[in-house]
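Examining the three-dimensional arrangement
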Amino acid sequence: MNYDGVYTNLGLLLSDQCVHTIKMAVFEGTTQNEFKDRKEFSGSLFRQMEEVYDYIDLTHSTFQKLRRIDQRDYPEVAVREALLNLLVQREYSFRASAFISFYTDRMGFTSIGGLVKGITLKDVMMGISVSPNVKLANVFYRLELIVAYGTGMLKIMKGYAGTGKEPKIETSDNVFKIILPNLNVLTGKEESVVNKPTGNI
């Protein structure tokens, strides 16, 4: 609240009356031609964070005789950091929803708002941390959800080290997108296995 007892924009974001949402879609194949599932998460940013993270349970199961072996489709640290980036770095002056999109071979986190003016993608990949939402970032820092030290993108890249696959970052003046490749999808002439998020839509 401000000195006049009026709730601030930050207070609104952290309340159940938050007007911003995260939309999630699961597509058939590698394009947006056909929806398989869709869902929208609302409420406080903390509620959205928890519900989205719980919903994203992408595990690939194989069997060796009678033994079941579970492998995550995406490095857990990469998913966590991409989701936190979606929440903390987003431009909240726009009412447009943030998007998380699933395809056979990848998952994309798309948020409104590009990089802070004067900061380049190369700067971010080198560990520069500049948030457009300083007070929001401070709340997440005090709750030990982020370290506010520019390590998020580095953690995402490290999560894929040695896998032969690499995340992609795309930016424009008004959009920031993180694309995480599916570790369990075979490439080349081999048949791909489609794994969609668990949960009912």
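Here we summarise the structure given alongside this text. Predicted model, so just to flag it, every value in this text is computed and none were measured.

Each value, and the rule that gives it
Here, residues in each chain are numbered from 1, in the same order as that chain's written sequence. Thresholds applied to this predicted model are a pLDDT of at least 70 for local features of residues and 80 or more for the giving and counting of side-chain atom pairs; totals over whole chains, interfaces and linings are not thresholded and use all residues. Only hydrogens and water are removed before side-chain values are computed, so all heavy atoms of the structure are retained for them. Any Lys or Arg side-chain nitrogen located within 4 Å of an Asp or Glu carboxyl oxygen qualifies as a salt bridge. Strands are runs of DSSP state E lasting at least two residues, helices are runs of H or I lasting at least four, and both sets are numbered from the N terminus onward. Multiplying 1.5 Å by the helix residue count minus one yields the expected span of that helix. Relative accessibility decides the category of a residue: with a 1.4 Å probe and only protein chains considered, values under 20% of the type maximum give buried, values over 50% give exposed, and everything between is partly exposed. The term nonpolar core refers to a set of buried residues drawn from Ala, Val, Leu, Ile, Met, Phe, Trp, Tyr and Cys, joined through side-chain atoms within 4.5 Å. Between N-to-C directions, angles span 0 to 180 degrees; the directions come from axes that are lines fitted to C-alpha atoms, helices contributing only their stretch in contact. Pairs of residues are marked as contacts when any of their non-hydrogen atoms sit within 4.5 Å. Ten residue types, Ala, Val, Leu, Ile, Met, Phe, Trp, Tyr, Cys and Pro, are classed as nonpolar, four, Asp, Glu, Lys and Arg, as charged, and the remainder, Gly among them, as polar. Only Phe, Tyr and Trp rings are paired, with Trp represented by its six-membered ring, and only when their centres lie within 6.5 Å; those with planes under 30 degrees apart are stacked, over 60 edge-to-face, the remainder tilted. Orientation labels follow simple angle bins: below 35 degrees gives roughly parallel, above 145 gives roughly antiparallel, 65 to 115 gives roughly perpendicular, and whatever is left gives oblique. The handedness criterion is simple: a crossing whose near helix is rotated anticlockwise from the far helix by less than a right angle is left-handed, and one whose near helix is rotated clockwise is right-handed. A pair of strands is treated as paired once DSSP finds two or more bridges between them.

**Thoughts on the pattern of salt bridges**
What the rule picks out here adds up to four salt bridges. Between glutamate 51 and arginine 47 there is a salt bridge, and its shortest N-O distance comes to 3.0 Å. Of this pair, glutamate 51 and arginine 47 both sit in helix 2 (residues 45-55), four residues apart, which is roughly one turn of that helix. Taken together, the shared-partner salt bridges in this structure form one network comprising Arg80, Glu81 and Lys155.

**Quick word on helix 3 (residues 76-88)**
In this model helix 3 runs 18 Å from its N-terminal to its C-terminal C-alpha over 13 residues, within 8% of the 18 Å that 1.5 Å per residue would give. In terms of residue burial, helix 3 counts as a mostly covered element, since ten of its 13 residues are buried. Those residues of helix 3 that fall on the buried side of the exposure criterion are Ala78, Val79, Glu81, Ala82, Leu83, Leu84, Asn85, Leu86, Leu87 and Val88.

**Quick notes on the nonpolar core**
Grouped together as the largest cluster of nonpolar side chains are 39 residues, with contacts concentrated most on Leu83, Ile100, Met107, Phe109, Phe140, Ile178 and Leu180. Mapped onto this core, the elements with two or more residues apiece are strand 1 (22-27), helix 2, helix 3, strand 5 (98-102), strand 6 (106-112), helix 5 (134-142), helix 6 (152-159) and strand 8 (175-181). Ranked by residues supplied to this core, first place goes to helix 3 with eight residues.

**With respect to the packing of helix 3 against helix 5**
Put simply, helix 3 and helix 5 touch, their axes get as near as 10 Å, and they point 140° apart. Residues Leu84, Leu87 and Val88 of helix 3 lie in contact with helix 5, whose contacting residues are Leu136, Ala137 and Phe140. For the contact of helix 3 with helix 5, the residue count by class is six nonpolar, no polar and no charged.

**Some details on the environment of leucine 183**
Relative to the helices and strands, leucine 183 resides in the segment after strand 8. Overall, the relative accessible area of 29% leaves leucine 183 in the partly exposed class. Those residues in contact with leucine 183 that lie beyond four places of it in its chain are Arg72, Asp73, Tyr74, Pro75, Tyr160, Thr163 and Lys165.

**Some details on the packing of aromatic side chains**
Per the counting criterion, the structure on display carries four aromatic pairs. Ring geometry for phenylalanine 27 versus phenylalanine 35: centroids 4.7 Å apart, planes at 35°, classification tilted. On the accessibility criterion, phenylalanine 27 (5% relative accessible area) is buried. On the basis of relative accessibility, which here comes to 41%, the residue phenylalanine 35 falls in the partly exposed class.

**Brief notes about the packing of helix 2 against helix 3**
Running from N to C, helix 2 and helix 3 point in directions that differ by 155°, and their axes come no closer than 11 Å. On the basis of their axis angle, the class for helix 2 and helix 3 is roughly antiparallel. In this structure, the crossing between helix 2 and helix 3 has a hand that is right-handed. Only Glu76, Val79, Arg80, Leu83, Leu84 and Leu87 of helix 3 make contact with helix 2, whose side of the interface consists of Leu45, Met49, Val52 and Tyr53.

**Observations regarding the pairing of strand 8**
Taking burial as the measure, the seven residues of strand 8 include five buried ones, the bulk of the element. With seven bridges connecting them, strand 6 and strand 8 associate as antiparallel partners. Bridging across to strand 8, methionine 107 finds its partner in leucine 180. Bridge count for strand 7 (residues 168-171) against strand 8 is four bridges, and the pairing is antiparallel. Bridge assignment links lysine 168 to a residue of strand 8, and that residue is isoleucine 179. Joining the antiparallel neighbours strand 7 and strand 8 is a turn of three residues.

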